[in-house]
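In case you want the letters, here they are:
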Amino acid sequence: MTGTIDLQIMWNRLIAVVEEQATTLIRTAFSTSVREAGDLSAGLFDARARMIAQAVTGTPGHVNAMAESVGHFARAIPPAETYPGDVFLTNDPWLGTGHLHDITVVTPVFRRDRLIGYFACTAHVVDVGGRGFGPDASEVYEEGLLIPITKFAERGRVSRDLVRLIRANVRTPDQTVGDIHSLAACNEAGDRRLQAMLDEFGLDDLQALSDHIVEASRNATRAAIAAVPDGTYRNHMRVDGFEAPVDMHVRLDVTGDRLDCDFAGTSGPSRFGVNCPEVYTRAYACYGLKVAIAPDVPNNAGSLEPFAITAPEGCILAARRPAPVSVRHVMGHLVPDVVLGALHGALPGTVPAEGAAALWNIQISARAADPDADLPSAEVLMFNSGGTGARPGLDGLSATAFPSGVSTMSVEATEHTGPIVVWRKDLREGSGGRGRQRGGLGQVIEIEPRAGYEMWFNAMFDRVAHPARGRDGGEPGAGGRVELADGTPLHPKGRQKVPEGARLRLSLPGGGGLGDPAERDPEVAARDVAAGYVRGSDRDGTGR
Amino acid sequence: MRPTEPTHTDIRIRAGVDIGGTFTDVALAGPHGLTTCKVLTDYAGPERAILDGLRQAADQAGVALSDVAQVIHGTTLVTNALIQRRGARVAFVTTQGFRDVIEMRSENRFEQYDLNLVLPEPLVPREDRLTVPERVGPGGEVLLPLDEDALGDVVARIAAGGYDAVAVGLMHAYANDAHERRVAAALRTALPRVPLSLSSVVSPQMRELPRFNTTVANAYVQPMVAAYLGRLVDDLRGAGMAGPVFMLHSGGGLMSVEDAAAQPVRLLESGPAGGAIFAARYARAHGIDRALSFDMGGTTAKICLVEDGAPKTASTFEVARTYRFKKGSGMTVSTPVVEMVEIGAGGGSIASIDAMGRIQVGPRSAGSEPGPACYGRGGTDPTVTDANLLLGRLDADGFAGGTMPLDQGAAARAVDAHLTRTGLDPRDAAFGVTEMVDENMANAARVHAVENGRDVERFTMVAFGGGAPLHSCRLAEKLGLDAVLVPPGAGVGSAIGFLTAPFSFDATRGLFQRMDAFDADAVNDALADMEAEASGFVAAGADGASTTTALTAHMRYAGQGWEIPVSLPHRRLTPDDAARIEAAFADAYRALFGRTIDGLACEVTNWSLLVSTPLPEIVPADRFATGDPVAAGARRPFYDAALRRMVDAAAVPRSALTPGTALDGPAVVVEDETTTIVTSAFRVVGQGDGCLLLLRKEDAP
């Protein structure tokens, strides 16, 4: 029957609608992480707050967390108090996407005066006040302004009080408020396109379509889970953490087409802002499971539902209020490696070795070395990635983000934004774990403040003391290193100074190897040596 | 093919030659009118196929080869060399600390849900990337002088390495090229015969990755392109064609064959650009201000916006996508280009059912071998062409002028075997295939228009290429367009397009300027250099003709990452112009995004200056919005997508639709190269220049 074809066409069209929504945001946002790195997400939800379509530009932590977020909005502002022209927002880490810097904006969709769904989008904004982006706060209150689920606009009128409140609390009022407008405009763009589609197909709501999408996706995901052998699979991974190593424990129970995932046994919270609200843990755990089990099923409420993910309340992966959570991505990005390691027991020959996983974001504040000098200060943000783990049949990817989906920025563009010189940003030779398949290489970055400046940077780096482990006989990747170029060691977490004339050197971790190194194809091994991907003597490639 | 008016106003005979993946197309225009022909592309000796085609076309036209005064050439060979990695062995010299820029790319994965993702290999392997200690800062200041000893070592290693070409890309060389020039001088002294590509010459724009990519790509294809163009010119001379040879560059203009040999990276998209110019030519003849160029072939569909007779251009694009045409899976290069969206949607695109029971079409294609199942050459996968056949939109006995009967049974078996397991009946499945491919193309067109701040509804489609006229009405229905123009000669559109291209060159320069610290002198100096550079290229072909100059600044709010093009008047700038430039930016920003942002400074990253000759004059077409009904004897049922049922359609040969005659849809207009499907919502009207104009009926929704 053609009804089915219509549903398929509309499903396809919704993907285009949310892509357009995301494109609008990328092009108008101010936040570096949105515009250069694609750190955003956008999606459409039905009247029951079920996500039915998502732009593929989003990063997993954002998207899957946003998928839960809209339900909180719908409960906080019930349909009876929701009007055409309303725009809601929050940056509550526990109701949004895990830290204050992410603002989630939700716009209800009306058709013939009836609430039929919501558009939502999330972006990492430049500043939310407080201590700024970094791990040093001891409570969320210090990390910036927390906006509860609130109406940013009601019946088309923007709340001037809210805007004044935000402007008064952040360092970059124009950009932060500009980004909120961008988020609202992006939902508006989606709404226009959705209404045109409903006109074309003569529909008054999304009910039949969303039921179809959710059901088809749920069934396909369940079928994929059913193909995973029943059983209980466990894994433990120790990572650096902040003040003490963190043990992540996971247990997967596969029973027919159901998969339960629990993090019982995981370490308690940190005193610093690396804690994850559970929503963010769930987002990344689900990504790790889905990418291995059901990668082809589109991300929506139906495909997320069959994965039941829990973490004991109060552990570092399910932080309680008011724990600091600003750089929750450091722990969150490591979650897929734990989950994939457990899944290896169920699906041997599918999952990669461990990788660098957590992004090495560098937030730099360049300040005049002499406080009386008339030199403007500047903020610079860089995103950098280490190596991914070797895959069955394929080497790991060098200097490539996984599980995050973000991009790096051009060094030339970065040097235009602030008084720093990046002297080096290239592959870290010998940092990939040896194996039948080699781990991806990390990279080495050297940064110096320009003459007259010193710089402060917020270190939030993991896999320094606990490198990415190999699998099936593969060797670990090289651990990361944080130091000055003269060899003075620095702490891998926390705010530190690089004086004028000194260079910061970051050596990013490599990915783990897979399989016995002796089994590596000799021709490929020779190519590794010719290219300098591996080196005999200087294993970590920093030239020491 | 029916002769039309000469494409150029002078009486000389000019030839347009387009080398595509399968066919080499030739169009000959002169006092005799227009003749075209198609021959198979000869990969071993592309110039042989050109000569062959020229001879056939000249015979048809009744002229001698020596009468051909000018050959204009475009080709996909350069793109193919990148895709197939068939280029030169290149050494790349770069700043110490930045050896791996072209390998590290943007550090992301273009597909998030594929654990076995494979990234494209860099064109130059790591062992052939050599570094020199040196460093220029963002303002062009020298932070570290060039290390001459190290340079000596690098030159010696390159000399010993026996490379075919050398690329040089240093940090911030767009702001100060002194170090690159010094490296080049040392290389030239030691290796006078090895071609050099410098980033400050090939692509002097900010952002190291696209600039290095562009420079390396230029070096990579240069020996092959230079040799090929040399052979071509020799062979043309040998055959008695003494006139100049011009190349169509990616930006949609012409450059001399010698300049093209030095900057072959500018030829990357020359074939498809020809198609957009072809559409632009007909848009001008018909007075269409806003045209949507829609070119659909066997493997892909290409969409381009054409406004006021000029195809839209961009300063960067992605070439050689390796993964389902997916954004990010290719190589971003920064060279001026006619901006096109290309998606994996063509007649050969293969349909399948995914895990959710959805019909998916493409980007996998059956190509020409084995081709769609109905070609009867062993293909068993259902394709878009198979679906069109089952829906009556293609005639099994009339395909390719009846020279290639299609096998309806094979098409039905392919659909049955692969698309009916979810309970769809075969005809609904076939409908699902065409509807999905039309939907994919409509979405691509809509997003492209949005990205450019345009409403697609206001455009008129110009449809060409073998598949476009079959799909254009349905696409227009989906996009809400009221008119579609189907020009004649659609099968060789690019080659015809070449004949109406202006001579042009777009010089670009990275020169960072915040409007609150505007340095008019620095900008004027750069613009003067750029104008001299661009005029030099254009002079080769302009033959003393007048030229126009257009200035564009790529601007953003300080802190944003996405620049928008802002047109500025081209004259000497003064410090007072900062405010005017800001106002022009605000207008452009508002046009694209619907608002501006108060309180923020704006800035220019890159400048571009386009020098071009005026477009050749076009004879306006005699336009008919309605006409006398054509008598249609034959009837042919086809499936009308909007009505969701078979309709009984009139079938006429294209030649029956003489100027000023009309036929109401549903109708099928048949010619050897393609079939135009006129849906029930449209009417077709013959035009004075041989075009078909499809107009939405007044009473149609």
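Residues numbered from 1 in each chain as written. Chains lettered and ligands numbered in written order. Predicted model: local features only at pLDDT ≥ 70, side-chain atom pairs only at ≥ 80, totals over all residues.

Draft legend 1. Seen up close, the overall build of chain B. Check the secondary structure of chain B and you find 16 helices and 36 strands. For 701 residues, the compact-globule estimate of 2.2 N^0.38 gives 27 Å, and chain B sits close to it at 26 Å. Its C-alpha atoms give chain B principal-axis dimensions of roughly 80 × 60 × 55 Å. Burial analysis of chain B (701 residues in total) assigns 57% to the buried set. A separation of at least 24 residues holds for 68% of the contacts in chain B among residues at least 6 apart in sequence. (Helix = DSSP H or I, 4+ residues; strand = E, 2+ residues; numbered from the N terminus. Rg over C-alpha atoms; globule rule 2.2 N^0.38 Å. Buried ≥ 20, exposed ≤ 12 C-beta atoms within 10 Å, placed from the backbone. Contact = placed C-beta atoms within 7 Å.)

Draft legend 2. Molecular detail of the overall build of chain A. Secondary structure summary: chain A contains twelve helices and 19 strands in total. For chain A, whose C-alpha radius of gyration is 23 Å, the value lies close to the compact-globule estimate of 24 Å for 544 residues. Along the three orthogonal principal directions, the C-alpha set of chain A runs to about 70 × 65 × 40 Å. When the 544 residues of chain A are sorted by exposure, 63% land in the buried category. Put simply, 76% of the contacts in chain A that link residues at least 6 apart link residues at least 24 apart.

Draft legend 3. Representation of the interface of chain A and chain B in the model. Taken residue by residue, the interface counts 61 residues in chain A and 56 residues in chain B. Grouping the constituent residues of the side of chain A that touches chain B by class yields 27 nonpolar, 19 polar and 15 charged. (Nonpolar A, V, L, I, M, F, W, Y, C, P; charged D, E, K, R; others polar.)

Draft legend 4. The packing of helix H11 (residues 408-419) of chain B against helix H12 (residues 426-451) of chain B, seen in detail. All names here are of chain B. Two numbers describe how H11 lies on H12: the axes approach to 10 Å, and their chain directions differ by 90°. Judged by the angle between their axes, H11 and H12 are roughly perpendicular. Note on element contacts: H12 touches H11 through Pro426, Ala429 and Ala430, opposite Ala412, Val415, Asp416 and Leu419. Looking at the contact of H11 with H12 residue by residue, the classes come out as six nonpolar, no polar and one charged. (Axes fitted to C-alpha atoms, helices over the stretch in contact; angles between N-to-C directions. Parallel < 35°, antiparallel > 145°, perpendicular 65-115°, else oblique.)

Draft legend 5. Broad picture of unusual backbone geometry. For the peptide bond that leads from Phe402(A) to Pro403(A), omega is 10°, which places it in the cis range. That bond from Gly665(B) to Pro666(B) is cis: its omega, 5°, falls within 30 degrees of zero. Along the chain, the position of Pro666(B) falls in the loop between strand E32 (661-664) and strand E33 (667-670). One non-glycine residue with positive phi stands out, namely Arg207(B), at about 105°. The exposure class of Arg207(B) is buried, given the 21 C-beta atoms found within 10 Å.

Draft legend 6. Structural view of the sheet that holds strand E16 (residues 453-460) of chain A. Residues and elements named next belong to chain A. One open sheet accounts for four strands, arranged E13-E12-E16-E18; its pairing is antiparallel. Edge positions in the sheet fall to strand E13 (378-382) and strand E18 (493-498), since each of these pairs with one other strand and no more. When strand polarity is set aside, the average angle formed by the axes of neighbouring strands in this sheet is 20°. (Pairing = 2+ DSSP bridges.)

Draft legend 7. Focus on the nonpolar core. Within the largest apolar cluster, 389 residues are counted, with the highest numbers of intra-cluster contacts made by Leu25(A), Val105(A), Val90(B), Val166(B) and Val216(B). Broken down by element, the residue count for this core peaks at twelve residues, all from helix H7 (residues 208-238) of chain B. With residues near it in sequence (within four places) discarded, Val105(A) still touches Val87(A), Leu89(A), Ala120(A), Cys121(A), Phe152(A), Ile180(A), Leu183(A), Ala184(A) and Asn187(A). (Core = buried A, V, L, I, M, F, W, Y, C linked by C-beta atoms within 7 Å.)

Draft legend 8. Molecular detail of helix H13 (residues 468-479) of chain B. Residues and elements named next belong to chain B. Burial analysis of H13 places twelve of its twelve residues in the buried class, the great majority of the element. Ala468, Pro469, Leu470, His471, Ser472, Cys473, Arg474, Leu475, Ala476, Glu477, Lys478 and Leu479 are the residues of H13 that are buried. Of the residues one or two after H13, Gly480 is the one with positive phi, at around 75°.

Draft legend 9. Main features of the domain arrangement of chain A. Residues and elements named next belong to chain A. Segmentation of chain A into domains returns domain 1 (2-217) and domain 2 (352-544). Opposite the twelve residues of domain 1 that make contact, domain 2 presents 14 residues. Its residues assigned to classes, the side of domain 1 that touches domain 2 comprises four nonpolar, five polar and three charged. (Domains from an automatic or database assignment.)

Draft legend 10. Quick look at the pairing of strand E9 (residues 165-169) of chain B. Residue and element names in this part refer to chain B. The buried fraction of E9 is high, at five of five residues. The alternating pattern of E9 places Ala165, Ala167 and Gly169 and Val166 and Val168 on opposite faces, both of which are buried. The pairing of E9 with strand E10 (residues 196-198) spans three bridges and is parallel. Bridging from a neighbouring strand, Val168 pairs with Leu198 of E10. Between the parallel pair E9 and E10, the chain is carried across by helix H5 (residues 178-190), and the sense of this crossover is right-handed. (Right-handed = clockwise from strand over helix to strand, strands pointing away.)

Draft legend 11. The packing of H12(B) against H13(B), seen in detail. All names here are of chain B. Remark: H12 packs on H13, axes separated minimally by 9 Å, with the N-to-C direction vectors making an angle of 55°. By the criterion of interaxial angle, the relationship of H12 to H13 is oblique. Seen from above, H12 lies across H13 with right-handed handedness. Contacts from Asp438, Glu439, Met441, Ala442, Ala445 and Arg446 in H12 reach His471, Arg474, Leu475, Lys478 and Leu479 in H13. (Left-handed = near helix turned anticlockwise from the far one by under 90°.)

Draft legend 12. Main features of the sheet that holds strand E1 (residues 13-19) of chain B. All names here are of chain B. Across the sheet, which stays open at both edges, the six strands sit in the order E3-E2-E1-E4-E11-E12 with mixed pairing between neighbours. The open sheet has two edge strands, strand E3 (33-40) and strand E12 (254-256), and neither has a second partner. Each strand axis lies, on average, 25° off the axis of its neighbour in the sheet, ignoring direction. In this sheet, strand E2 (residues 23-30) lies alongside E1 in antiparallel orientation, the contact comprising six bridges. Within the sheet, the bridge partner assigned to Asp18 lies in E2 and is Asp25.

Draft legend 13. Representation of the confidence of the model for chain A in the model. On average, residues of chain A carry a pLDDT of 92, and 97% of them reach 70 or more. Here residues 538-544 of chain A scores under 50 on pLDDT; set against residues more than four positions off or in separate chains, the count is 18 contacts. (pLDDT = per-residue confidence, 0-100.)

Draft legend 14. Looking closely at the environment of Leu499(B). For Leu499(B), the location among the structural elements is in the loop between helix H14 (493-498) and strand E25 (504-514). Separated by 158 residues in the primary sequence, Leu499(B) and Leu657(B) have C-alpha atoms spaced 26 Å apart.

Draft legend 15. Examining the confidence of the model for chain B more closely. Confidence in the prediction of chain B, expressed as mean pLDDT, is 91, and 98% of residues score 70 or more. We note a pTM of 0.92 for the whole complex and an ipTM of 0.93 for its interfaces.

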